[in-house]
Amino acid sequence: VGAGGIGSPVVWLLAKLGVRRIRVYDDDTVQQHNLPTTMFSPRDLGKLKVDALRRLVAPFGCEVVAVPHRFTEKTRLPRTDILVSAVDGGKGPRPSMAARRLLFRVAKREKIPLFIDGRIGGENLRVYSIRPNKKEDRALYQKTLVPDSRVAPLPCNAQQVCDVGGMTASLMVRAVR
């Protein structure tokens, strides 16, 4: 879930790794400010991120099932072994913990064996690889889900840089591998 600064390199790396089918949820379009922090190029401007990703990984034999909608509590996933949270701050400079709480609830409800959450704040990154069916993993992860109001806002130019997004994506793909 998410096709921006973390999600686009995650999809690209998974395709390079040999994953043949990836479902991607994102309702946003590629904008000028996305170019320095994502896998997108100027020719993708104005396109849906999920469609631009489809084009990007097609040469590797990877099919992106593009879902150009916001992921909600009502979203029903097909059977899957892994749910990747690559959500950003949404509206404003704070990372969205509410979106992460939602995705984790869905991972538990759908009994998805592996939930991976990547987080970036300026030069800092964290990757959580959680087995939602394990009580100790759930307890650890839930401690990280603070209210959105407790997340420190970052100035626009400190929210993310491409190398940190790439490192985060690499660690997330390593968890998949």
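As a starting point, this report considers the structure included with it.

Reading guide: rules and limits
Residues numbered from 1 in each chain as written. Predicted model: local features only at pLDDT ≥ 70, side-chain atom pairs only at ≥ 80, totals over all residues. Heavy atoms only, no water. Helix = DSSP H or I, 4+ residues; strand = E, 2+ residues; numbered from the N terminus. Buried < 20%, exposed > 50% of the residue type's maximum accessible area, 1.4 Å probe, protein only. Contact = heavy atoms within 4.5 Å. Areas by Shrake-Rupley, 256 points an atom, 1.4 Å probe, with all protein chains shown as cover. 1 Å grid on protein atoms, 1.4 Å probe; cavity = no way out; pocket = protein on both sides within 12 Å on 5 of 7 lines; lining within 4 Å. Points joined across faces, edges and corners; volume = space filled by probe spheres on them. Polar contact = N/O pair within 3.5 Å; in protein donor to acceptor, adjacent residues only side chain to side chain. Salt bridge = Lys/Arg side-chain N within 4 Å of Asp/Glu carboxyl O. Axes fitted to C-alpha atoms, helices over the stretch in contact; angles between N-to-C directions. Parallel < 35°, antiparallel > 145°, perpendicular 65-115°, else oblique. Left-handed = near helix turned anticlockwise from the far one by under 90°.

Scanning the protein from terminus to terminus reveals five helices and five strands. Expressed as a percentage of its 177 residues, the buried residues of the protein come to 44%. If you take every contact in the protein between residues at least 6 apart in sequence, the share linking residues at least 24 apart comes to 66%. Put simply, the protein shows about 9,500 Å² of open surface, and 54% of that area lies on carbon and sulfur atoms.

Examined against the element boundaries, Leu 145 turns out to sit in the loop between α4 (135-143) and α5 (162-176). Spatially, the C-alpha atom of Leu 145 lies 9.8 Å from that of Phe 104, the residues being 41 residues apart in sequence. In this structure, Leu 145 is in contact with Met 97, Arg 100, Arg 101, Phe 104 and Arg 119, ignoring residues within four places of it in sequence.

Okay, the layout of surface pockets next. Within this model, the second largest pocket holds a volume of roughly 550 Å³. Lining the second largest pocket are 23 residues, and of these Arg 21, Ile 22, Arg 23, Thr 80 and Ile 82 sit closest to its centre. When contributions to the lining of the second largest pocket are tallied by element, the ones reaching two or more residues are α1 (7-17), β1 (21-25) and β3 (82-85). Of all the elements, β1 adds the most residues to the lining of the second largest pocket, at five residues.

Now for the side chain of Ser 85. Relative to the helices and strands, Ser 85 resides in strand β3. Polar contacts involving the side chain of Ser 85 include one to the side chain of Asp 117, which spans 3.2 Å. What Ser 85 contacts, discounting residues up to four positions off in sequence, is Val 1, Arg 100, Leu 103, Phe 115, Ile 116, Asp 117, Gly 118 and Met 172.

Here we come to the pattern of salt bridges. A complete count under the given rule lists 13 salt bridges for this structure. The salt bridge partner of Glu 63 is Arg 21, with a shortest N-O separation of 3.2 Å. Separated by 42 residues along the polypeptide, Glu 63 in strand β2 (residues 63-67) and Arg 21 in strand β1 bring together distant segments of the chain. Of the charged contacts in the structure, one is a salt bridge between Glu 73 and Arg 105, with a shortest N-O distance of 2.7 Å. A residue pair is termed long-range when its members are at least 10 positions apart, and Glu 73 in the loop between β2 and β3 and Arg 105 in helix α3 (residues 97-109) qualify at 32 residues. Look at Glu 73 and you get partly exposed, because its relative accessible area is 35%.

Geometrically, a packed helix pair is captured by the angle between its two axes and the distance between the axes. Here α1 crosses helix α2 (residues 49-57) at 25°, and the two axes come no closer than 10 Å. Between α1 and α2, the interaxial angle falls into the category roughly parallel. Considering only the axes of α1 and α2, their crossing is right-handed. Contact residues: Ser 8, Val 11, Trp 12 and Ala 15 in α1; Leu 53, Leu 56 and Val 57 in α2.

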